[in-house]
Amino acid sequence: MKENKVKLAKYLKEHFPAIIEKDYNYNRIDFSINRELVPSVLRLLKEESGYIHLSHISCVDWLEEEEFELVFIIWSPVDKIKILIHTRIDRNNPVMDNIDKIWRQANTYEREIKEMYGIEFTGLEAADEFLLEDWNGMPPMRRDFDTAAYASNKYYNRPGREDAMDVREEIARHSGEEIPDFAKKYSR
Amino acid sequence: MINDKNSQKIVDHIHNFARKHSLWVLAYGTGCGAIEIPPTMTSRYDAERLGVRGAATPRQADLLLITGYLTTKTLKRVIRVYEQMQDPKYVIGFGSCTINGGMYYDSYNTINALDRYLPVDVYINGCMPRPEAVIAGFTKLQELITAGKADGAAKYKEKLEWYRKNQKNVIPNWTMPEYNW
Ligand code: SF4
């Protein structure tokens, strides 16, 4: 496992000098690279090294850094190594290359990311709507989307029951106990 | 038919007696609560002894169980289903999600109070309610039917405008007919 990972890192370094590797224990190894090179890295790994399985494409919203991070998780059934390819893209102009020519199933993940984070995949051919219906607002998985405010605006909030009272102090008094400080902030 | 008020009462009584003993539930599950339906229906709790059994299509069903949170996307289908059901029809809201949103109260795509969109006859609370609670809900509905108080469908027709307004509030792209039963 270890020597395979070292070999793999060396192999990728040869082809893509800009790649940054980070080793994790057991069967995981991470690489980060700029966005333009991701399709070539993936194609190389798939066609030359036997990383034929795309497990997932995931997205992280780095709001403070104004960036989105895309993570491509691929797996080789021969090497039994899991590779995570990280890439950062600009949050204000989120564009990524479409990779569904390499793996067809990438299409589904890309549609979901497009809908939930608003990332454009160049040349992605898919219907407009996937999980959300009639949605025309900020993509809901972005961190600056305030879901509580949205929900209280859009949906009716039933007021609480009148007989729902805070009885903790009563109970504490009855049993002669103190409510600990850390729990006090939860009382209504 | 019968104009005399008292005879109408007797006829209604017989109708309601028959209705309460044959509640056919539409096999339509939303949210997590649908998982409590199989144990309720099968031999351990055996809801069929109360006349509750599954029905395959909305047209054959009397009872719509909303078994948990409803996304706006599903709400659209549920409204369509409800309006296709034939009278007499009843709705049971199942689980705290249908009452006040439950643990999805702040979710961007689930509605919070079912009775703004569909007329609910009986609510069963719990997250999720156990089969005993579900059966208690069924018997409560039967009591209401006997007393002639399970009139959700009539209320829906009467206050259709109000319901439509709420429904269109959360379903911006309304593609359904205005009146379809
Ligand atoms: S009330 Fe609880 S069990 Fe029922 S749908 Fe909501 S979260 Fe799930």
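Predicted, not measured: the structure shown is a model, and the values here were computed from it. (Residues numbered from 1 in each chain as written. Chains lettered and ligands numbered in written order. Predicted model: local features only at pLDDT ≥ 70, side-chain atom pairs only at ≥ 80, totals over all residues. Heavy atoms only, no water.)

Some words on the overall build of chain A
Secondary structure assignment for chain A yields six helices and seven strands. For chain A, the N- to C-terminal ordering of α and β elements is α-β-β-α-β-β-β-β-α-β-α-α-α. In summary, chain A has a C-alpha radius of gyration of 24 Å against a globular reference of 16 Å for 188 residues, an excess of more than 25%. Along the first, second and third principal axes, the C-alpha set of chain A runs to 70 × 45 × 30 Å. For chain A, the proportion of its 188 residues judged to be buried stands at 36%. In chain A, once contacts between residues fewer than 6 apart in sequence are set aside, the share between residues at least 24 apart is 51%. Summed over all atoms, the accessible surface of chain A reaches about 11700 Å², with 51% contributed by carbon and sulfur. Taking the average location of the 28 positive side-chain charges in chain A and that of its 37 negative ones, the two points are 4 Å from each other. (Helix = DSSP H or I, 4+ residues; strand = E, 2+ residues; numbered from the N terminus. Rg over C-alpha atoms; globule rule 2.2 N^0.38 Å. Buried < 20%, exposed > 50% of the residue type's maximum accessible area, 1.4 Å probe, protein only. Contact = heavy atoms within 4.5 Å. Areas by Shrake-Rupley, 256 points an atom, 1.4 Å probe, with all protein chains shown as cover. Lys, Arg positive; Asp, Glu negative; His and termini not counted. Charge placed at Lys NZ, Arg CZ, Asp CG, Glu CD.)

Brief notes about the overall build of chain B
A count of helical and extended segments in chain B gives seven helices and five strands. Traced from its N-terminal end to its C-terminal end, chain B shows the element sequence α-β-α-β-β-α-β-α-β-α-α-α. Summarising its shape, the C-alpha atoms of chain B cover approximately 50 × 40 × 25 Å along the three principal directions. When the 181 residues of chain B are sorted by exposure, 49% land in the buried category. For chain B, restricting intrachain contacts to residue pairs at least 6 apart in sequence, the fraction spanning at least 24 positions comes to 76%. Here chain B contributes 23 positive and 17 negative side-chain charges, whose respective centroids are spaced 3 Å apart.

Some remarks on the site of the ligand
Around the ligand lies a shell formed by B:Cys32, B:Gly68, B:Tyr69, B:Gly95, B:Ser96, B:Cys97, B:Met103, B:Tyr104, B:Gly126, B:Cys127 and B:Met128. Among the residues making up the shell around the ligand, the classes are represented as seven nonpolar, four polar and no charged. (Near = heavy atom within 4 Å. Nonpolar A, V, L, I, M, F, W, Y, C, P; charged D, E, K, R; others polar.)

A short note on the pattern of salt bridges
Residue and element names in this part refer to chain A. Overall, the coordinates contain 20 salt bridges over all chains when judged by the stated rule. One salt bridge connects Lys 5 with Asp 23, and the closest N-O pair in it is separated by 3.0 Å. One end of the pair, Lys 5, is in helix 1 (residues 2-15); the other, Asp 23, is in strand 1 (residues 20-23), with 18 residues separating them in the sequence. Taking relative accessible area as the criterion, Lys 5 reaches 3% and is therefore assigned buried. The residue Arg 91 makes a salt bridge to Asp 61 at a minimum N-O spacing of 2.8 Å. With Arg 91 in the loop between strand 5 (82-90) and strand 6 (95-97) and Asp 61 in strand 3 (residues 53-62), this residue pair connects regions lying 30 residues apart in the sequence. Overall, the relative accessible area of 8% leaves Arg 91 in the buried class. For Asp 61, a relative accessible area of 6% corresponds to the buried category. Members of the salt-bridge network, linked through shared partners, are Glu 65, Glu 67, Glu 69 and Arg 88. (Salt bridge = Lys/Arg side-chain N within 4 Å of Asp/Glu carboxyl O.)

A closer look at the pairing of strand 1 of chain A
Consecutive residues of a regular strand have side chains that alternate between opposite faces of the sheet. Residues and elements named next belong to chain A. Judged from the four bridges that link them, strand 1 and strand 2 (residues 28-32) form a sheet pairing that is antiparallel. Pairing of Lys 22 across the sheet is with Asp 30, part of strand 2. Hairpin remark: strand 1 followed by strand 2, antiparallel, with four residues in the connecting loop; positive phi at Tyr 26, about 55°. (Pairing = 2+ DSSP bridges.)

Structural notes on the domain arrangement of chain A
Examined at the domain level, chain A breaks down into domain 1 (2-141) and domain 2 (146-188). One C-alpha centre belongs to domain 1 of chain A, the other to domain 2 of chain A; they are set 43 Å apart. (Domains from an automatic or database assignment.)

Looking at the interface of chain B and chain A
Between chain B and chain A, the residue contacts involve 24 residues of the former and 18 residues of the latter. The junction of chain B with chain A conceals about 1600 Å² of combined surface from both sides, 50% of it contributed by carbon and sulfur atoms. Together, B:Lys73, B:Tyr108 and B:Asn112 form the three largest contributors to the area buried by chain B at its contact with chain A, with a combined 40%. Counting every contact that joins chain B to chain A gives four salt bridges. In this structure, the salt-bridge partner of B:Asp115 is A:Arg158, at a minimum N-O distance of 2.9 Å. Our enumeration of links across chain B and chain A arrives at ten residue pairs in polar contact (both at pLDDT 80 or more). Breaking the side of chain B that touches chain A down by element, the ones donating at least two residues are helix 3 (72-84), helix 4 (96-100) and helix 7 (160-170) of chain B. Of the residues forming the side of chain B that touches chain A, the biggest block, four residues, is contributed by helix 3 of chain B. (Buried area = accessible area lost by both parts, 1.4 Å probe. Polar contact = N/O pair within 3.5 Å; in protein donor to acceptor, adjacent residues only side chain to side chain.)

What to know about the confidence of the model for chain B
All names here are of chain B. Per-chain confidence: chain B averages 88 in pLDDT, with 97% of residues scoring 70 or above. Averaged over each element, pLDDT in chain B is lowest for helix 1 (residues 5-20) (87) and highest for strand 5 (residues 122-124) (93). Both scores are available for the predicted complex, with the pTM at 0.81 and the ipTM at 0.78. (pLDDT = per-residue confidence, 0-100.)

A word on the packing of aromatic side chains
Considering all chains together, one arrives at ten aromatic pairs over all chains under this definition. With a centroid separation of 5.3 Å and 40° between ring planes, the pair formed by A:Trp135 and A:Tyr150 is classed as tilted. Of this pair, A:Trp135 sits in the loop between strand 7 (120-122) and helix 4 (147-154) while A:Tyr150 sits in helix 4, and the two are 15 residues apart along the sequence. Given a relative accessible area of 23%, A:Trp135 falls into the partly exposed group. Ring geometry for B:Tyr156 against B:Tyr163: centres 5.0 Å apart, planes inclined by 45°, an arrangement best described as tilted. Per residue, the accessibility class of B:Tyr156 equals that of B:Tyr163, and both read buried. One aromatic cluster is present, formed by A:Trp135, A:Phe145, A:Tyr150 and B:Tyr108 through successive ring pairs. (Phe/Tyr/Trp six-rings, centres within 6.5 Å; stacked < 30°, edge-to-face > 60°.)

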